[in-house]
Amino acid sequence: MSTSTVDTGAGSADAASLISDARQRIDDLDQRIIGLLAERVTVSEQIQRERIASGGRRVHLSREMEVINRYNGELGRQGTALAMTVLALCRGQL
Ligand SMILES: C=C(O[C@@H]1C=C(C(=O)O)C=C[C@H]1O)C(=O)O
């Protein structure tokens, strides 16, 4: 068994090659997702800072429900968990 089939768990060199290519695409997508999350954190912090400076609170629950409902509508139950993680990333743990 070649190194690439061991690394990918594939049973043939052809499958290993396809998996390696697809993993590269996944790594690129993950990098873009992480970049988008970093951008979202920046925008969210800007909103929170502005609200706090104007006498409001950091957290706005009805808006968070809108965000959670959008993720849930698109992705189901795991979307809800993802939205909660994204929100925690952007405004800290409640
Ligand atoms: C960014 C905001 O502030 C907080 C962060 C949110 C977010 O990251 O989506 C949503 C609601 C607020 O708890 C907002 O009110 O839009």
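On a predicted model such as this, the values are computed, not experimentally measured, just so you know.

Reading the values: the criteria
Residues numbered from 1 in each chain as written. Predicted model: local features only at pLDDT ≥ 70, side-chain atom pairs only at ≥ 80, totals over all residues. Heavy atoms only, no water. Near = heavy atom within 4 Å. Polar contact = N/O pair within 3.5 Å; in protein donor to acceptor, adjacent residues only side chain to side chain. Areas by Shrake-Rupley, 256 points an atom, 1.4 Å probe, with all protein chains shown as cover. Salt bridge = Lys/Arg side-chain N within 4 Å of Asp/Glu carboxyl O. Helix = DSSP H or I, 4+ residues; strand = E, 2+ residues; numbered from the N terminus. UniProt positions renumbered as here; feature names shortened; annotations may be inferred. 1 Å grid on protein atoms, 1.4 Å probe; cavity = no way out; pocket = protein on both sides within 12 Å on 5 of 7 lines; lining within 4 Å. Points joined across faces, edges and corners; volume = space filled by probe spheres on them. Nonpolar A, V, L, I, M, F, W, Y, C, P; charged D, E, K, R; others polar.

Q: Give a description of the site of the ligand that names residues and reports values.
A: Around the ligand, the structure places 13 residues, and the nearest of them are Arg40, Ser44, Arg51, His60 and Glu64. Between Ser44 and the ligand, the recorded distance is 2.8 Å, taken from a side-chain N or O atom to an oxygen atom. His60 is positioned with one of its backbone polar atoms (N or O) 2.9 Å from an oxygen atom of the ligand. Relative to its unbound accessible surface of 360 Å², the ligand loses 93% to contact with the protein.

Q: I'd like a description of the pattern of salt bridges, backed by residues and values.
A: Opposite charge on two side chains allows them to pair when their charged atoms are near. In total, this model carries two salt bridges according to the counting rule given. Where Arg63 meets Glu66, a salt bridge forms, and the shortest distance between an N and an O atom there is 2.9 Å. In this pair, Arg63 and Glu66 both sit in helix H3 (residues 61–75), three residues apart, roughly one turn of the helix. Across the pair Arg91 and Glu64 runs a salt bridge, and its minimum N-O distance is 2.9 Å. Residue Arg91 is located in helix H4 (residues 77–91), and its partner Glu64 is located in helix H3; the two are separated by 27 residues in the primary sequence.

Q: Lay out the UniProt feature "domain: Chorismate mutase" (unreviewed entry) in the protein chain in plain terms, naming residues and giving numbers.
A: Within this numbering scheme, the UniProt entry marks residues 13–94 as carrying the feature "domain: Chorismate mutase" (unreviewed entry). The annotated region residues 13–94 carries 87% helix and 0% strand content, and the separation between its end C-alpha atoms amounts to 49 Å.

Q: Lay out the layout of surface pockets in plain terms, naming residues and giving numbers.
A: Volume-wise, the largest pocket comes out at about 310 Å³. Forming the walls of the largest pocket are 15 residues, and the residues nearest its centre are Arg40, Ser44, Ile47, Arg63 and Leu87. Contributing elements (two or more residues each) for the lining of the largest pocket: helix H2 (13–53), H3 and H4. Take the lining of the largest pocket: its biggest share by element is six residues, from H2. Space inside the second largest pocket adds up to approximately 170 Å³. Taken together, Ile33, Leu36, Leu37, Arg40, Tyr71, Leu82 and Val86 form the lining of the second largest pocket. Those elements that place two or more of their residues in the lining of the second largest pocket are H2 and H4. Sorting elements by how many residues they give to the lining of the second largest pocket places H2 first, with four residues. In terms of residue class, the lining of the second largest pocket is made up of six nonpolar, no polar and one charged.

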